[in-house]
Amino acid sequence: MDFKLNMQQELLKKTVRQFAEEEIAPLVDEMERNDQTPPELVRKMGEQGFFGVTAPLEYGGTGMGHVDRVIMLEEIARISAAIAMSLQVLQIGVGMMMEMGTSEQKNRYSPALAQGKILITPAFTESSGGSDLEGMSTKASDKGEYYCINGRKVFITNSHIADAVIIIAKHEETKKFGAFLVEKGEKGFRPGRIEKKMGLFGCYNGEIILDNCQAPKENLFGEKGRGLSAALRGISNYGRTGMAASALGLMQASLEAAVKFAQERTLYGKAISNLAPIQFKIAEIYAELEASRLMSYYAAWLVEQGSKRSDTQTAAAKFFATEASLRCTRKTMDIYGAYSCIKDYPVERYYRDAQLLISADGTSDIKRIIVGRNLTAKKN
Ligand SMILES: Cc1cc2nc3c(=O)[nH]c(=O)nc-3n(C[C@H](O)[C@H](O)[C@H](O)COP(=O)(O)OP(=O)(O)OC[C@H]3O[C@@H](n4cnc5c(N)ncnc54)[C@H](O)[C@@H]3O)c2cc1C
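Residues numbered from 1 in each chain as written. Predicted model: local features only at pLDDT ≥ 70, side-chain atom pairs only at ≥ 80, totals over all residues. Heavy atoms only, no water.

Chemist: An account of the packing of helix α1 (residues 7-24) against helix α4 (residues 66-79) is requested, with residue identities and associated values reported.
Modeler: At a minimum axis separation of 9 Å, α1 and α4 run at an interaxial angle of 25°. Accordingly, the angle class assigned to the pair α1 and α4 is roughly parallel. Along this stretch, α1 crosses α4, giving a crossing that reads as right-handed. Contacts between α1 and α4 pair Q9, L12, K13, V16, R17, A20, E21 and I24 from the former with V67, D68, I71, M72, E74, E75, I76, R78 and I79 from the latter. Split into classes, the residues belonging to the contact of α1 with α4 amount to nine nonpolar, one polar and seven charged. (Axes fitted to C-alpha atoms, helices over the stretch in contact; angles between N-to-C directions. Helix = DSSP H or I, 4+ residues; strand = E, 2+ residues; numbered from the N terminus. Parallel < 35°, antiparallel > 145°, perpendicular 65-115°, else oblique. Left-handed = near helix turned anticlockwise from the far one by under 90°. Contact = heavy atoms within 4.5 Å. Nonpolar A, V, L, I, M, F, W, Y, C, P; charged D, E, K, R; others polar.)

What follows is the structure, given as structure tokens:
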């Protein structure tokens, strides 16, 4: 067992950290004000190969693994969880295309997809409830040359910058779910309202409206009638570890902020880092971060092995790390006292952003259900 990152991973971590500090950090205040994803930043991340981190070289990707992706997202979330969220969801789009797209589809969108020149985002959730995937009411009707799709997706990350979406809709004829690639130029496709969230400013979440939208027949994505399993595969293999990685970045940023403030803030003539309760909080943040990191790297490593049994670990890593990030960012706020709630310091942003990671990509209780069900299932 080797707990060290290899040389390539160390270099990746260093390079992405430098990129995040130089290219993303200066944009954070503006994103907090205007809640928009900077297009120039998307272009630069594309040039760096961030979108195609797990895509094979032959499709313009960097051919790295899922652990590498977690390392990358953690470093980005350390500076901006909003940009990590936007990026990680677009990476799900790339991953789903690479795993489930036909060779014609892969060739059509490559290498632009891996380079971030075309952005594909997954759109599953409806107002009927993200947990109840089978309750989705978006429908696709076979019209011979095209599918006619009607429905409304909500909370979709990158809704207003995506060039195409992967829509899950029920085939009217068979009542089974299919996955469909719908480009923003298609007739009947339009982004709806943008949600005004409490955090993750700089990452769009909004509606995708499909009003008699015409998707060409060749845009059926994955196997016919296997749309739900395509969605679950995207969530399980990419979404959960992506969210866990974002939580790691928030915890790392929180830990650094907590230590710095504790060393600089003086009370009773001494730095508050000398006070035992302050040290306890810092120790707890550190322990939660390390535990979450081990779980997240292990889950990503399992996905990388192509293991069929990674859903327990990815679900556990997702709920544990995201909930830990909420506890840790809260503890950092406590260390800051009243300064925690003023915008001069980033810690209130960490806390707000951490809350949004809990339900995104499936709530903690849904993940607990998956873990509990898997662990208690009778073996044949
Ligand atoms: C920041 C953010 C980004 C997102 N990005 C995307 C995206 O890009 N694409 C996309 O498709 N969706 C996206 N979503 C939606 C997300 O996937 C859903 O919010 C999530 O699946 C939960 O759905 P819901 O919010 O409708 O909650 P609901 O499903 O309505 O759940 C409500 C409550 O009921 C509980 N519950 C549900 N079922 C059960 C059960 N069987 N047993 C016990 N308790 C249960 C839940 O745990 C929760 O507490 C995003 C959400 C957020 C916040």
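Moving on from the coordinates now.
Chemist: So, empty space enclosed by the protein: which residues are in play, and what are the values?
Modeler: Rolled over the atoms, a probe with the dimensions of a water molecule shows which regions are left empty. Scanning the model with the defined rule gives one cavity of 30 Å³ or more in all. Taken as a whole, the largest cavity spans an internal volume of roughly 40 Å³. Around the largest cavity, the lining residues are V28, M31, E32, S80, A81, A82, F201, R349 and D353. Mapped by element, the contributors of at least two residues to the lining of the largest cavity are α2 (28-34), α5 (81-100) and α10 (347-359). Top element by residues in the lining of the largest cavity is α2. It accounts for three residues. For the lining of the largest cavity, a count of residues per class yields five nonpolar, one polar and three charged. (1 Å grid on protein atoms, 1.4 Å probe; cavity = no way out; pocket = protein on both sides within 12 Å on 5 of 7 lines; lining within 4 Å. Points joined across faces, edges and corners; volume = space filled by probe spheres on them.)

Chemist: Explain the site of the ligand residue by residue, including any values.
Modeler: Close contacts around the ligand come from 23 residues, with T125, G130, S131, T157 and T363 the closest. One nitrogen or oxygen atom from the main chain of F124 is found 2.8 Å from an oxygen atom belonging to the ligand. Take T363: an N or O atom from its side chain is 2.6 Å from an oxygen atom of the ligand. Against a free-state accessible area of 980 Å², the protein chains account for coverage of 65% of the ligand. Split by residue class, the shell around the ligand holds 12 nonpolar, nine polar and two charged. (Near = heavy atom within 4 Å. Polar contact = N/O pair within 3.5 Å; in protein donor to acceptor, adjacent residues only side chain to side chain. Areas by Shrake-Rupley, 256 points an atom, 1.4 Å probe, with all protein chains shown as cover.)

Chemist: Could you give me a rundown of the packing of aromatic side chains, with the residues and numbers involved?
Modeler: Following the criterion strictly, the structure yields eight aromatic pairs and no others. Measuring from centroid to centroid gives 6.1 Å for Y298 and W301, while their planes differ by 20°, and the two rings are stacked. Here W301 and Y298 lie together in helix α8 (residues 276-304), a separation of three residues that amounts to about one turn. Taking the centre distance of 6.0 Å and the plane angle of 80° together, the rings of Y339 and Y345 count as edge-to-face. Among the aromatic residues, those joined into a cluster by ring pairs are F261, Y336, Y339 and Y345. Here the guanidinium or amino end of R368 rests over the ring plane of F319, the centre of that ring lying 4.7 Å away. (Phe/Tyr/Trp six-rings, centres within 6.5 Å; stacked < 30°, edge-to-face > 60°. Lys NZ or Arg CZ within 6 Å of the ring centre and 35° of its normal.)

Chemist: If you had to explain the nonpolar core to someone new, which residues and values would you point to?
Modeler: Ranked by size, the top nonpolar core spans 69 residues in total, and within it I24, M45 and I76 carry the most contacts. If we skip the residues at most four places from it in the chain, I24 touches F19, M31, L41, I76, I79, S80 and I83. One finds M96, M97, I168 and A231 within the second-largest nonpolar core, a separate group that totals 27 residues. (Core = buried A, V, L, I, M, F, W, Y, C linked by side-chain atoms within 4.5 Å. Buried < 20%, exposed > 50% of the residue type's maximum accessible area, 1.4 Å probe, protein only.)

Chemist: How would you summarise the layout of surface pockets if you had to cite specific residues and measurements?
Modeler: In this structure, the second largest pocket spans a volume of roughly 570 Å³. Taken together, 16 residues line the second largest pocket, and the ones lying closest to its centre are D2, F3, K4, L294 and Y297. Broken down by secondary-structure element, the contributors of at least two residues to the lining of the second largest pocket are α1 and α8. At seven residues, α8 tops the list of elements feeding residues into the lining of the second largest pocket. Counting contributing residues, the lining of the second largest pocket receives three or more from each of domain 1 (7-109) and domain 3 (228-376). (Domains from an automatic or database assignment.)

Chemist: Residues and numbers for the pattern of salt bridges, please.
Modeler: Counted by the stated rule, this structure contains 29 salt bridges. For K13, the salt bridge goes to E75, with nearest N and O atoms at 2.7 Å. Here the residue K13 occupies a position in helix α1, and E75 occupies one in helix α4, the gap between them amounting to 62 residues. For K13, a relative accessible area of 18% puts it in the buried group. (Salt bridge = Lys/Arg side-chain N within 4 Å of Asp/Glu carboxyl O.)

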